[in-house]
Amino acid sequence: MRRNRPLSAQAISVLRALAAEPSRWRYGYDLAAEVHLKSGSLYPILVRLADRGLLEATWESGPEGRPPRHLYRLTGAGREYSATLPAARAVRSAPRPHLRPSEGS
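Residues numbered from 1 in each chain as written. Predicted model: local features only at pLDDT ≥ 70, side-chain atom pairs only at ≥ 80, totals over all residues. Heavy atoms only, no water.

Quick notes on the pattern of salt bridges
Threshold: A side-chain nitrogen of Lys or Arg and a carboxyl oxygen of Asp or Glu constitute a salt bridge if their distance falls within 4 Å. Accessible area is worked out with a 1.4 Å probe on protein chains only. A residue is then buried under 20% of its type maximum, exposed over 50%, and partly exposed in between. Each helix is a run of DSSP H or I of at least 4 residues and each strand a run of E of at least 2, with the numbering of both proceeding from the N terminus.
Counted according to the given criterion, the structure contains three salt bridges. The residue Glu21 makes a salt bridge to Arg24 at a minimum N-O spacing of 3.0 Å. You can call Arg24 partly exposed: its relative accessible area is 37%. Across the pair Arg73 and Glu56 runs a salt bridge whose closest N-O atoms are separated by 2.8 Å. Residue Arg73 is found in strand β3 (residues 69-74), and its partner Glu56 is found in strand β2 (residues 55-60); the two are separated by 17 residues along the sequence.

If you want it as structure tokens, here you go:
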């Protein structure tokens, strides 16, 4: 049985990062740096997005003595889905401390 829960905010940030250049293959490491996620959070998100058909993944052979690396990019369905996402909200700054009237100016 396949569940189709709404995507998390982190998954949406990954989709937005990939949608900036949808045909470009991206390394997980670069995505993690861009969206500020640790690998333990990012890679399960990438697997879930691929399982939903929103991403495609491939292996790139590394130089001699280095392991191959995974690359990711949006599928056609991923591009369509990304286009339906609302615009990214601006990052809110920390709330100001409440001052008593006598502490203000």
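Now, onward.
A short note on helix α2 (residues 28-35)
Rules: Note that the arc is defined by the directions from the helix axis to the C-beta atoms. In this analysis, two residues are considered to be in contact whenever any of their non-hydrogen atoms come within 4.5 Å of each other.
If you check which residues of α2 are buried, you get Gly28, Leu31, Ala32 and Val35. End-on view of α2: buried residues confined to an arc of 100°, all on one side of the axis. Where α2 is buried, its residues contact α1 (9-19), β1 (26-27), α3 (39-51) and β3. Phi turns positive, to about 60°, at His36, one or two residues after α2.

Topic: the environment of Arg52
Of note, Arg52 is situated in the loop between α3 and β2. Relative accessible area serves as the criterion here: at 28%, Arg52 is assigned to the partly exposed category. Taking the C-alpha atoms as reference points, Arg52 and Gly78, 26 residues apart in sequence, are found 8.9 Å from one another.

Concerning the sheet that holds β3
We count it as follows: What makes two strands pair is DSSP finding at least two bridges between them.
The strand order across the open sheet built from three strands is β1-β3-β2, with neighbouring strands paired in antiparallel fashion. One side of each edge strand has no neighbouring strand; the edge strands of this open sheet are β1 and β2.

A short note on the side chain of Thr75
As for its placement among the helices and strands, Thr75 is situated in the loop between β3 and α4 (76-83). Filtering out sequence-adjacent residues up to four positions away, Thr75 remains in contact with Gly53, Leu54, Leu55 and Glu56.

Observations concerning the packing of α1 against α2
This is how the line gets drawn: Lines fitted to C-alpha atoms define the axes, with helix axes restricted to the stretch in contact, and inter-axis angles between N-to-C directions lie between 0 and 180 degrees. Should an angle fall under 35 degrees it is taken as roughly parallel, and over 145 as roughly antiparallel, whereas 65 to 115 is taken as roughly perpendicular and any remaining angle as oblique. Each crossing gets its handedness from the near helix: less than a right angle anticlockwise from the far helix is left-handed, clockwise is right-handed. Only Asp, Glu, Lys and Arg are considered charged in this grouping, and only Ala, Val, Leu, Ile, Met, Phe, Trp, Tyr, Cys and Pro are considered nonpolar; every other residue, Gly among them, is considered polar.
In contact at an axis separation of 10 Å, α1 and α2 are set at 110° when each is read in the N-to-C sense. In terms of orientation, α1 and α2 fall into the roughly perpendicular class. Seen along the crossing, α1 lies across α2 with a hand that is right-handed. Judged by residue contacts, Ser13, Val14, Ala17 and Leu18 of α1 engage Leu31, Glu34 and Val35 from α2. The residue makeup of the contact of α1 with α2, split by class, is five nonpolar, one polar and one charged.

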